[in-house]
Structures are given as structure tokens and as C-alpha cells.
Amino acid sequence: MRESIPARLARLTVRSCLKPALRPAFPVPVQRHWANIATRTLSVPFGVRFSRSSLGGVPTEIVRTKSNARSENAVLFLHGGAFMIGSPVSHRSITGRLAKHTGATIFAPDYRLAPEHPFPAALDDVLASYRALLAQGYAAERIAIAGDSAGGGLVLSLCLRLRSEGLAQPACVVVISPWADLTLTQLAPVADDALLRAAWLNQGASAYLQGHSARDPLVSPLLADLAGLPPTLIQAASKEILRDDSRRVAELLSGAGVSVIHREFPCMWHDFQLYAGVVPEATQAVDEIAQFINGNLSSHSRRAAA
């Protein structure tokens, strides 16, 4: 299967404009600034409103359309960035499209980043955000949790934390190319990842862990028992070094009896979903995420009505 022309152009842009900055040679503040500039050019759908608020004491971007101002459904979206970079703003191409196509209110917490705030700061922040949604009256069965890359791993870690604390799981979760094993011992042998390099992931792991064991299941969910997690959609790309994390998560979830859909897009690169609205393959991927969320939230609504 061949990639579209927009995909080829986007891949070239990522490889030439963003990947050069994501390396240990550059200080983290420089990486953040460069990534913020690069993601400002991404496509954001019309008719979507972004506002700043707080959720459980965590600065949070709230994404809505006019028609979902009072939605009973919520999506908690956890951005990626190797725990060092990224923000709700950098991921508006995804959160905006999810707001438009799910009718849910999207909450994107601006969780604390490493190295200033190592583990478990990010996990504590997203747990506080989820607790706040429950406190605001959102039923767990009307909440979906989604995230990409490090945020995808954080989604799984959050579900494990919910299980350990006896809190209700969300209706479903979506993980986009999750970074779920910070030991970095089983990276895929992909030579042409347009965005990621192993050295940068090592930098992110060191910044986040700061001496904490990478084998802690709350850090590396691939080393955990994933039984009891909600229905899960996993998306990944064939040409990314984190590809095998997605395959292993899918196998682990399936073996634990969790309903899981694993979708691997040929010829795509890590986090290509950020180009939704520009690259057809990315638009299709994010639309499939919206359909999965809609299906799981509406199925809970139908059971409640019955």
C-alpha cells in the first residue's frame, strides 16, 4: 500500500523540521520551543472553541463545539512528548477533531513535565484530573481516556492506578503509538522513523525517572497485569521505533481478556495522527478514534436506558 502525496510531504516536513530538534544535544527548553512552533501550523477544524481552565488543580484546555457545550460525555486527552515537551496546544489537531466528531467535551490537562517534575508528577496530575471529572458529575461510563506516545503510556498507567485505588474505569481508552516500556529494550528495528530516535527516548526516560526504576509497572505498563482495563483501541504506524510496544500491548490486553482493537497503518510514521485534516491517512485514523469513542459511550447509554 502506497502513502498519499500529502503524507509524503508531511513526512518530509517532520523529518527535516521537527526531528532535528528532538535530540539530547539540544536543551529541553529549546526542544519545547521548537516543537511548539512546528505544531502551530497543524490543521484545527472550524467551529471548535479552546478555553483554559483547571481540572483537579491541573491547568487544562477545554475543547468544545457550540453544539456540545453541555455534553454529558467527556474525553480526557493526555498529550505526548516523551514526558518532556508538548502541551494541549500542540495537539489541537487531534482534540479539536475529536470534539467535533464525538460531541463530547475534551479535557486536555497540561500535566507537569520532566525534568523539572519527574515521576510520579505527570501520573498524579492526570489522576487528579480524572477524579475531578467524577466530582463534576461525569459518570465513569460517560468518560473516555485517550493519549498519544508518552501520553498513551500514561493512559495505561492511569488505568492501573484507578484499579489499584478502587476507582471506576472509564468506558474505553484509546492509545496512539503508546510508549509503554521505558526500559527501551525492545524498540522496533525501523531505520527510517521520520520523528523518533532512540537517543531522544533515552533522554526522556532519564528525565522522567531520575533514578526511579523503569521496571515499575506504573512507569512501564507493558510490565503490568492489564486485566480489568476497559475496551481499548490501539493505533500505531508501521515505520516507527515504538511500533512493537503497540503490538505487545495488544497481545497483553488480549491475553488478559480485555476487548482490544489493534490498528497498524502501513507507511506511516510516529504520531502521524497530528496531521489530521491535511493527510488523508491521519484524518481517517482520528475519525476512527472518534467512531470508537462514540460506539463505547453510546453503548453505555443504551444499557443505562434499558
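Along each chain, numbering runs from 1 in the same order as the chain's sequence is written. In keeping with the predicted nature of the model, local features appear solely for residues at pLDDT of at least 70, side-chain atom pairs appear and are counted solely at 80 or more, and the whole-chain, interface and lining totals rest on all residues. As a rule here, side-chain values cover all heavy atoms of the structure and leave hydrogens and water aside.

The next subject is the nonpolar core. Core analysis: the biggest nonpolar cluster contains 105 residues, and Leu 76, Ile 145, Leu 154, Trp 179, Leu 182, Trp 269 and Tyr 275 have the highest contact counts within it. The contact rule is simple, with two residues in contact once any of their heavy atoms fall within 4.5 Å. The contacts of Leu 154, once residues within four sequence positions are left out, are Leu 78, Phe 83, Tyr 111, Ala 122, Leu 123, Val 126 and Tyr 208. We call a set of buried residues a nonpolar core when its members are Ala, Val, Leu, Ile, Met, Phe, Trp, Tyr or Cys and they connect through side-chain atoms within 4.5 Å of each other. Burial classes: relative accessible area under 20% of the type maximum marks a residue as buried, over 50% as exposed, and values in between as partly exposed (1.4 Å probe, protein chains only).

Time to look at the environment of Val 173. The way it works is that DSSP assigns letters per residue, a run of H or I at least four long becomes a helix, a run of E at least two long becomes a strand, and they are numbered from the N terminus. Looking at the element boundaries, Val 173 is found in strand S6 (residues 172–176). Put simply, Val 173 and Pro 231 are 58 residues apart on the chain and 6.4 Å apart in space, counted from C-alpha to C-alpha. In contact with Val 173, not counting residues within four places along its chain, are Ile 145, Val 155, Cys 159, Pro 230, Pro 231, Thr 232, Leu 233 and Phe 292.

Attention now moves to the packing of aromatic side chains. For Phe, Tyr and Trp, rings pair up if their centres lie within 6.5 Å, where Trp contributes its six-membered ring, and each pair is then called stacked (planes under 30 degrees apart), edge-to-face (over 60) or tilted (otherwise). By the definition in use, this model includes 8 aromatic pairs. Note on Phe 119 and Tyr 208: the rings are 5.7 Å apart at their centroids and 80 degrees apart in plane angle, and the pair reads as edge-to-face. Taken as a pair, Phe 119 in the loop between strand S4 (105–109) and helix H4 (121–135) and Tyr 208 in helix H6 (residues 198–209) lie far apart in primary sequence, 89 residues in all. Exposure class is identical for Phe 119 and Tyr 208. Each is buried. One aromatic cluster in this structure is built from Phe 83, Phe 119, Trp 179 and Tyr 208. Ring-over charges, as used throughout, are those where CZ of Arg or NZ of Lys falls within 6 Å of the ring centre and within 35 degrees of the ring normal. Above the face of the Phe 50 ring, Arg 92 is positioned so that its terminal group lies 4.4 Å from the ring centre. Sitting over the face of the ring of Phe 265, Arg 263 holds its NZ or CZ atom 4.2 Å from the ring centroid.

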